[in-house]
Amino acid sequence: MFTQAHGDAKALYKFGVPVGGDQLTRVRLQGAKNLRLLTPDTKKKLDHLHPIVIEFWHMKQDLLEKMYKALYKEKEGRQQGTLHQLKAVMQIRGIDGKVKKNFRAHFGFLEMVTQIYVEEQALELFNLKDIHDTSQIPPEAERETRTWQILRQIVDTYKYGQILFQGEEAARPLTVSLQGNAVVMKRLEEDEVYNYGSQLCLWGLQLLEMHDTAVEGDQERLVVNTMHNIPFFFAHSALSKYFVECIDFVLKIKYILSPLSRAVVLDTAFVNSNGGIGKCVESDLRQEHSVCNKKVLIKQLGANKTTKAMERATGSADAICDAVNNVRDSQQNNESHGKSNGIS
């Protein structure tokens, strides 16, 4: 195809084609290239497939899955403030900790709970009655300066950006009392509810930052978010597969790749199919939806289908999906239940 478009493949082998996917795709393709290192033919060595990097949506999905494994426990259904208890109180369906089964429902639930917890932190810190309390609003002349001071106070109070690993003692408040002429400082008992809420906010805000990076298509924050993901994955397990993938991505972007390859990788990380500000999505998420639409059409062909028949049927799968969704919208029968509509 490249040769038909350009006449030869010199530019293809000179600049290469960036390849992205989940962790399994990257490892398998990199292993296939390693097995072909001694092949004399450049084409068979797959030299034009370079660089091979992890994609952003799969990283976000795995981070969300790690968060639910750490903070969503069915045995904690009666413990105040936990995800399972909040799910039961709000009577929300589709939340069982299996993120890959229903990503949108799990992410939406986390987004809502994180917003509630952060609002509660602000109300407690500034002694406000509710979110409509205006007693702490500074005058117009001091508003910009005070806003940054308030944000810094929230970050310092609730330790945002400070991640403690296993074995490190979390900072707990001290009580100071006088006993005779001696000053006695005693550390309070650890507040498990407070620690749980703080951890939930740390995980939640990081995932919301990744989501905002994706919808804005911000290439620079993509690298920063990947670096911030490293301690989260490491805190889950030192053998976490995406812990290694985050390090691999950062090393390639920062030090290994040429400026041109780095620009190509970052430019192709997000796509905007419909246009408009704040409507970007991850490239691998778009590809996942396209593959899902093709699978539906292939299943409908039945048995004894040929390769040519599958190619013809799936050539316009995305257009068919858009047409079906438009018909559903016109009939007001668009019931997705937290999942993408698809063709079926």
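In case you missed it, the structure is sitting above this.
Here is a short report on the structure shown in this document.

### Quick word on the pattern of salt bridges
In a structure, side chains of opposite charge can pair up when their charged atoms sit close to one another.
In step 1: One pass over the structure, following the stated rule, counts 12 salt bridges.
In step 2: The salt bridge partner of Asp248 is Arg26, with a shortest N-O separation of 3.9 Å. Pair noted here: Asp248 is in helix H10 (residues 241-256) and Arg26 is in helix H3 (residues 23-35), with a separation of 222 residues, a long-range link. Accessibility assignment for this pair places Asp248 and Arg26 in one class, buried.
In step 3: Residue Asp218 pairs with Arg221 through a salt bridge whose shortest N-O separation is 3.0 Å.
In step 4: Sharing partners across several salt bridges, the network here consists of Arg26, Glu245, Asp248 and Lys252.

### As for a nonpolar patch on the surface
In step 1: A cluster of nonpolar side chains, namely Val89, Met90, Met112 and Ile116, defines an oily patch on the protein surface of about 330 Å² accessible area.
In step 2: Contributions of two or more residues to the nonpolar patch are made by helix H5 (83-90) and helix H6 (103-125).
In step 3: Position of Ile116 relative to the elements: it lies in helix H6.
In step 4: Residue Ile116 is classed as partly exposed on the basis of its relative accessible area, which comes to 42%.

### Things to note about the packing of H5 against H6
In step 1: Across the interface, H5 lies against H6 with an axial gap of 12 Å and an inter-helix angle of 100 degrees. As summarised for this structure, H5 and H6 are arranged roughly perpendicular, according to the angle between their axes. Across the interface between the two elements, Leu83, Leu86, Lys87 and Met90 from H5 touch Phe109, Met112, Val113, Ile116 and Tyr117 from H6.

### A short note on the nonpolar core
As a rule of thumb, nonpolar side chains are buried together in soluble globular proteins.
In step 1: If you look at the biggest cluster of nonpolar residues, it comprises 51 residues, and the most contacted ones within it are Met59, Leu64, Met67, Tyr68, Leu83 and Leu200.
In step 2: With residues up to four places along the chain from it excluded, the contact list for Leu83 reads Met67, Tyr68, Leu71, Tyr72, Phe109, Val113, Tyr196 and Leu200.
In step 3: Of all hydrophobic cores here, the second largest spans five residues; its members include Leu29, Leu46, Leu49 and Ile52.

### A word on the environment of Met210
In step 1: If you trace the backbone, Met210 turns up in helix H8 (residues 192-216).
In step 2: Between the C-alpha atoms of Met210 and Met59, which are 151 residues apart in sequence, the distance is 9.6 Å.
In step 3: Once you skip the residues sitting within four places of it in the chain, Met210 turns out to touch Phe56, Met59, Lys60, Leu63, Asn225 and Asn229.

### Here we look at unusual backbone geometry
With the exception of glycine, the majority of residues adopt a negative phi angle, and the majority of peptide bonds are in the trans configuration.
In step 1: Note the cis peptide between His50 and Pro51, where omega equals -5 degrees.
In step 2: The topology assignment puts Pro51 in strand S2 (residues 49-54).
In step 3: One non-glycine residue, Asn127, adopts positive backbone phi at about 55 degrees.
In step 4: As for its placement among the helices and strands, Asn127 is situated in the loop between H6 and helix H7 (143-157).
In step 5: Positive phi is not limited to glycine here, since Asn304 has a value of about 60 degrees.
In step 6: For Asn304, a relative accessible area of 79% puts it in the exposed group.

Rules used in this analysis
Residues numbered from 1 in each chain as written. Predicted model: local features only at pLDDT ≥ 70, side-chain atom pairs only at ≥ 80, totals over all residues. Heavy atoms only, no water. Salt bridge = Lys/Arg side-chain N within 4 Å of Asp/Glu carboxyl O. Helix = DSSP H or I, 4+ residues; strand = E, 2+ residues; numbered from the N terminus. Buried < 20%, exposed > 50% of the residue type's maximum accessible area, 1.4 Å probe, protein only. Patch = residues over 30% accessible without salt bridge, like charges linked within 9 Å, V, L, I, M, F, W, Y side chains within 5 Å. Areas by Shrake-Rupley, 256 points an atom, 1.4 Å probe, with all protein chains shown as cover. Axes fitted to C-alpha atoms, helices over the stretch in contact; angles between N-to-C directions. Parallel < 35°, antiparallel > 145°, perpendicular 65-115°, else oblique. Contact = heavy atoms within 4.5 Å. Core = buried A, V, L, I, M, F, W, Y, C linked by side-chain atoms within 4.5 Å.

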